[in-house]
Amino acid sequence: MEQLKTIGRELAMGSQGGFGQSKEFLDLVKSIGEARSKAEEDRIVLSEIDILKRKLLEPDVPKRKMKEYIIRLVYIEMLGHDASFGYIHAVKMTHDDNLLLKRTGYLAVTLFLNEDHDLIILIVNTIQKDLRSDNYLVVCAALNAICRLINEETIPAVLPQVVELLNHQKEAVRKKAIMALHRFHRKSPSSVSHLISNFRKRLCDNDPGVMGATLCPLFDLISEDVTSYKDLVSSFVSILKQVTERRLPKSYDYHQMPAPFIQIKLLKIMALLGSGDKNASEIMSMVLGDLFRKCDSSTNIGNAILYECIRCISCILPNPKLLEAAADAISKFLKSDSHNLKYMGIDGLGRLIKISPDIAEQHQLAVIDCLEDPDDTLKRKTFELLYKMTKSSNVEVIVDRMIDYMISINDNHYKTEIASRCVELAEQFAPSNQWFIQTMNKVFEHAGDLVNIKVAHNLMRLIAEGFGEDDDDADSKLRLSAVESYLQLISEPKLPSLFLQVISWVLGEYGTADGKYSASYISGKLCDVADAYSSDETVKGYAVSALMKIYAFEIASGRKVDVLPECQSLIEELLASHSTDLQQRAYELQALLALDARAVETIIPLDASCEDIEVDKELSFLNGYIQQAIESGAQPYISERERSGMFETTDYHPQDHHEVPSHTLRFEAYELPKPSVPPQASTELVPVPEPYYSESHQPISTSLVSERESSEIKLRLDGVKQKWGRPSYQPTTAASSTTQQAANGITSHSDGGVGSSSSKPRSSYEPKKPEIDPEKQRLAASLFGGSSSSRTDKKSSGGHKPTKGTVNKPATVPKENPTPVQPPPDLLDLGEPTATISAMDPFKELEGLMDSSSQDGGSNDVMGLYSDAAPVTTTTSVDSLLSELSDSSKGNSRTYQSQTSKGPNTKEALEKDALVRQMGVNPTSQNPTLFKDLLG
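- As recorded in an unreviewed UniProt entry, the protein goes by the name AP-4 complex subunit epsilon, listed as coming from Camelina sativa.
- Heading Subcellular location (unreviewed entry) of the UniProt record for the protein holds this comment: "Endomembrane system".

Encoded structure:
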């Protein structure tokens, strides 16, 4: 007996889908199903979460158990609880080689994660590997995950492999690849814009499933751009014809209808392509007629195809035979007992009456039956149809039915929609003024504040402008009818605020216009409104404004105004109101009562609500006053743009310097520092600026520098904060410029051109460079103690011999033809205080130096001294070596600057001469011509 019970229990578990599941899982499902409250269900699920947290932390969990745990996590997640602690285990399961475990992992991951989850990056590599698998089931599982998990950023990682799968031998893989590309197109159209032709090719796939899957992305593409796919009309028609002729396999039939879902998608595409296209509509007409004849209306799927045919016919150009067939199908729908079919018939009828309004007249009784049907959805759809069918002959019946339905429902959203439709129909097709006013009163009374405020404004505008064309009698009757109806409604216990605003405005404008009602009577009614709705400040404001108009019209007409006690008490109450708006209105009313008739008539003219108000935006009437004030010494007006100090970016030009008021901030770029003009340009050694590369000023470029070094100078760092001097931007001063000029030299080409000497250390064979990096100039000044751009880099093994490009002319400017050159900003000024050097001929100083130095150590000392004080572009590598040795002894460039500012140092020159003698190098042998020129 126990064995039979065990067998029965196992069979029961198998019948319940419990193959491979443990008893704990089945008990969990059973206990949740038997829970009697949400609280009990939550308690069971939270207990299960605690159990799974402990189970998943155990080491070496068997794969079969892990699979069950993940299924239980899916069950917990589906019940609305957080199972994020187990997401990583589902991701790990996707890496498993076992097909069942891998598919379980992919299923769980697609349910757990979204495309922006942090764990997606761990799955992309697995998906790439699975897309290359030989097992098409693994490939299909990966493609399924792609459609749910791949986002715009990870599309390029898998796109090439998905495109390759379009030619896979298995139709299931090709179908899912199309679906993946469709997903990519929806997420990022630009990523697959070059693959649109693949959709056209797959439309001709031998497998109907692949072809049917291709229709979905093509529908989206055609919706975006119909013109580009007009050539596919004949193809779609041919496919639909083959489907209707049952040329597809029987496996695609559904309730004996051949591939109905493919037919529906094709009809939707054809409706897009045939809209406004006569040729396309003619091509489609034959196959659409066949569909009407072959569709079986006894099944839901057959009726769905008929309904899609009606929608297609309503979009393409009309065909009488197709319209007749569609009307017959609609008649069958409306006569059916099924509410779903009636709904389809009402919707189809609403589409066809746009083409042929006479069709609706054939189904009047059926439409009325639907209007009285208890099904609320069908009733609303019928009201939409009636709204489309409204004319001046049936507007009263339709609007009355719509108002009755609006009163009976509690759905505020739909109530608002019905109210707006009633107002629109009343404005367009109102048979009389009396009916229009009554209809609007009903809408405002029952819809209340759900009515859009624009509807109230439109009603007030219509009453003010009137319906008659230059017919004052008709307009007067309309306004009188409105006043009478509102005086009757104003005594209602509770009216919507928006309706009360309309009533107050109409009574204030036209309450006493025809003389039928006295000012006291109307003002008493308005005071009652203000007292009854004392908590509504908007209504009270409208009531006070209406009182002001009533009294203004009375004063303007010359009649005596008797302010009622209740009106006087209302004014006194509002004078002390916390609302500034109501207080202002009360003060204005009090001031108006004290004015004479002429002033009141000017302030509030009679029936002037529709007059256009001319606004002088320039305030030209104040020009005389302004001119007089300026002549009296007043300050002129400063525009808001100038006050804020903001300037349009389009108005900014680097070469223009705008004048900005002194009290505002300056937002344009700072001006470049202006170099000081040397007092004696003919005798000074002035470096030529080299900010840009030009043909007229080419630097001497005969040195052999590697391509990497020549390509380093790319960026312009003018004005960048210096890194080795003081932490600030240093301005160019006259003293620093003079010091710089005294420390630099120039060289000249054989053709008379002037070359520049920069502060960047480089070889004597230098290529042409468009610009000099100021940052490197500062670095050179700090490391090498001066402007050394013309010095050569000498290795310890020896120097390079000068080639043909070396210029051996003296670096002096001829005195007969002085060529003054504007010096550039001093980029080597590090802000140290330096002594000012008088502008005089440096060669005269040099001669005196030579005399004194020759007494101390010989003529060779002069070259060592000059190599540090006045560098020349054409000097050789010995000079560079001397400079380096000098810099190492001095420590930094600041000492050098202070020394050069004070004059040559004889002791330092002797030390350099000694070093040169130790190396056995004769300075005069390096450049004898220059040495002779210096000695005179």
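Still more to cover.
## Some details on the overall build of the protein
Stage number 1. Scanning the protein for helices and strands turns up 44 helices and 4 strands.
Stage number 2. Out of the 936 residues belonging to the protein, those deemed buried represent 44%.
Stage number 3. Taking as baseline every contact in the protein between residues at least 6 positions apart, the subset at least 24 positions apart corresponds to 68%.
Stage number 4. Of the roughly 51,100 Å² of accessible surface on the protein, a fraction of 52% belongs to carbon and sulfur atoms.

## Re the pattern of salt bridges
Stage number 1. All chains considered together, the criterion is met by 28 salt bridges.
Stage number 2. We note a salt bridge from Arg202 to Asp205, for which the minimum N-O separation is 2.7 Å.
Stage number 3. Linked through salt bridges whose partners overlap, the residues forming this network are Asp347, Arg351, Lys381 and Glu384.

## Some words on the packing of aromatic side chains
Stage number 1. Counted by the stated rule, this structure contains 9 aromatic pairs.
Stage number 2. Seen from their ring centres, Tyr254 and Phe261 are 5.9 Å apart, and the 45° between their planes marks the pair as tilted.
Stage number 3. Geometrically, the ring pair formed by Trp505 and Tyr510 is edge-to-face, given 6.1 Å between the ring centres and 75° between the ring planes.
Stage number 4. Among the residues examined, Trp505 registers a relative accessible area of 15% and is labelled buried.
Stage number 5. One aromatic cluster is present, formed by Phe383, Tyr405 and Tyr414 through successive ring pairs.
Stage number 6. Across from the ring centre of Phe85, 5.4 Å away, lies the NZ or CZ of Lys53, which sits over that ring.
Stage number 7. In this structure, Arg380 packs its charged tip against the face of Tyr414, placed 4.3 Å from the ring centre.

## Some words on the nonpolar core
Stage number 1. With 201 residues, the main nonpolar core has Leu113, Ile127, Leu131, Ile146, Phe184 and Phe236 as its most contacted residues.
Stage number 2. Tallying contributions element by element places helix H29 (residues 537-556) first for this core, with 11 residues.

## A few points about the confidence of the model for the protein
Stage number 1. Of the residues in the protein, 66% have a pLDDT of 70 or more, and the chain-wide mean is 75.
Stage number 2. Across residues 921-936, where pLDDT falls below 50, the model places 25 contacts with residues more than four positions away in sequence or in other chains.

## A short note on unusual backbone geometry
Stage number 1. Located in the positive-phi region is Arg246, a residue other than glycine, with phi close to 60°.
Stage number 2. Mapped onto the fold, Arg246 is located in the loop between helix H13 (233-244) and strand S1 (253-254).
Stage number 3. Non-glycine residue Gln256 carries a positive phi angle of around 65°.
Stage number 4. Here Gln256 is to be found in the loop between S1 and strand S2 (257-258).

## Section: the packing of helix H27 (residues 497-510) against helix H28 (residues 519-532)
Stage number 1. The geometry of H27 relative to H28 is characterised by a closest axis approach of 11 Å and an angle of 160° between their N-to-C directions. For the element pair H27 / H28, the angle class is roughly antiparallel. Considering the relative orientation of H27 and H28, their crossing is left-handed. Where H27 approaches H28, its residues Leu500, Ser504 and Leu507 are matched on the opposing element by Ile522, Leu526 and Val529.
Stage number 2. Taken together, the residues that form the contact of H27 with H28 break down as 5 nonpolar, 1 polar and no charged.

## Considerations on H13
Stage number 1. End to end, H13 covers 17 Å across 12 residues, agreeing with the expected 16 Å (1.5 Å per residue, within 8%).
Stage number 2. Restricting attention to buried positions, one finds in H13 the residues Val233, Phe236, Val237, Ile239, Leu240, Val243 and Thr244. Looking straight down H13, one finds that the buried residues subtend no more than 160° of arc, so they occupy a single side.
Stage number 3. At its buried positions, H13 is contacted by helix H12 (208-224), S2, helix H14 (260-274) and helix H15 (278-294).
Stage number 4. Downstream of H13 by a residue or two, Arg246 has a phi angle that is positive, lying close to 60°.

## Some thoughts on the environment of Gln242
Stage number 1. Inspection of the secondary structure assignment puts Gln242 in helix H13.
Stage number 2. For Gln242, a relative accessible area of 32% gives the class partly exposed.
Stage number 3. Between the alpha carbons of Gln242 and Pro258 there is a distance of 9.8 Å; along the sequence they are 16 residues apart.
Stage number 4. Apart from the residues lying within four places of it in its own chain, the contact partners of Gln242 are Arg247 and Leu248.

## Description of a nonpolar patch on the surface
Stage number 1. A cluster of nonpolar residues, Leu619, Phe621, Leu622, Tyr625, Ile626 and Ile630, forms a patch on the protein surface that exposes about 610 Å² of accessible area.
Stage number 2. For Leu619, the position within the fold is in the loop between helix H32 (597-603) and helix H33 (623-631).

## Let's talk about the side chain of Lys67
Stage number 1. Positionally, Lys67 belongs in helix H4 (residues 63-78).
Stage number 2. Buried and unpaired, Lys67 has no salt bridge, with Glu68 as the nearest side chain of opposite charge at 7.8 Å.
Stage number 3. Filtering out sequence-adjacent residues up to four positions away, Lys67 remains in contact with Met93, Leu100, Leu101 and Thr104.

## Overview of the packing of H12 against H14
Stage number 1. As a packed pair, H12 and H14 sit with axes 10 Å apart at the nearest point and diverge in direction by 30°. As far as their axial angle goes, H14 and H12 are roughly parallel. Of the two elements, H12 crosses H14, and the hand of that crossing is left-handed. Contacts from Pro208, Met211, Gly212, Leu215, Cys216, Phe219, Ile222 and Ser223 in H12 reach Ile262, Lys265, Leu266, Lys268, Ile269, Leu272 and Leu273 in H14.
Stage number 2. For the contact of H12 with H14, the per-class residue count stands at 11 nonpolar, 2 polar and 2 charged.

## What about helix H21 (residues 376-389)?
Stage number 1. Relative to the 20 Å expected for 14 residues at 1.5 Å per residue, H21 spans 20 Å between its end C-alpha atoms, a close match to the ideal helical length.
Stage number 2. The N-terminus of H21 is capped by Asp375, whose side-chain oxygen sits 3.1 Å from the backbone nitrogen of Thr377.

## Topic: the environment of Val45
Stage number 1. Within the secondary structure, Val45 sits in helix H3 (residues 38-56).
Stage number 2. As a C-alpha pair, Val45 and Leu79 span 34 residues in sequence and 8.4 Å in three-dimensional space.
Stage number 3. In contact with Val45, not counting residues within four places along its chain, are Ile32, Ile76, Leu79 and His81.

The rules we used
- Residues numbered from 1 in each chain as written.
- Predicted model: local features only at pLDDT ≥ 70, side-chain atom pairs only at ≥ 80, totals over all residues.
- Heavy atoms only, no water.
- UniProt positions renumbered as here; feature names shortened; annotations may be inferred.
- Helix = DSSP H or I, 4+ residues; strand = E, 2+ residues; numbered from the N terminus.
- Buried < 20%, exposed > 50% of the residue type's maximum accessible area, 1.4 Å probe, protein only.
- Contact = heavy atoms within 4.5 Å.
- Areas by Shrake-Rupley, 256 points an atom, 1.4 Å probe, with all protein chains shown as cover.
- Salt bridge = Lys/Arg side-chain N within 4 Å of Asp/Glu carboxyl O.
- Phe/Tyr/Trp six-rings, centres within 6.5 Å; stacked < 30°, edge-to-face > 60°.
- Lys NZ or Arg CZ within 6 Å of the ring centre and 35° of its normal.
- Core = buried A, V, L, I, M, F, W, Y, C linked by side-chain atoms within 4.5 Å.
- pLDDT = per-residue confidence, 0-100.
- Axes fitted to C-alpha atoms, helices over the stretch in contact; angles between N-to-C directions.
- Parallel < 35°, antiparallel > 145°, perpendicular 65-115°, else oblique.
- Left-handed = near helix turned anticlockwise from the far one by under 90°.
- Nonpolar A, V, L, I, M, F, W, Y, C, P; charged D, E, K, R; others polar.
- Expected span 1.5 Å × (residues − 1).
- Arc of directions from axis to C-beta.
- Patch = residues over 30% accessible without salt bridge, like charges linked within 9 Å, V, L, I, M, F, W, Y side chains within 5 Å.
- Lys, Arg positive; Asp, Glu negative; His and termini not counted.
- Polar contact = N/O pair within 3.5 Å; in protein donor to acceptor, adjacent residues only side chain to side chain.

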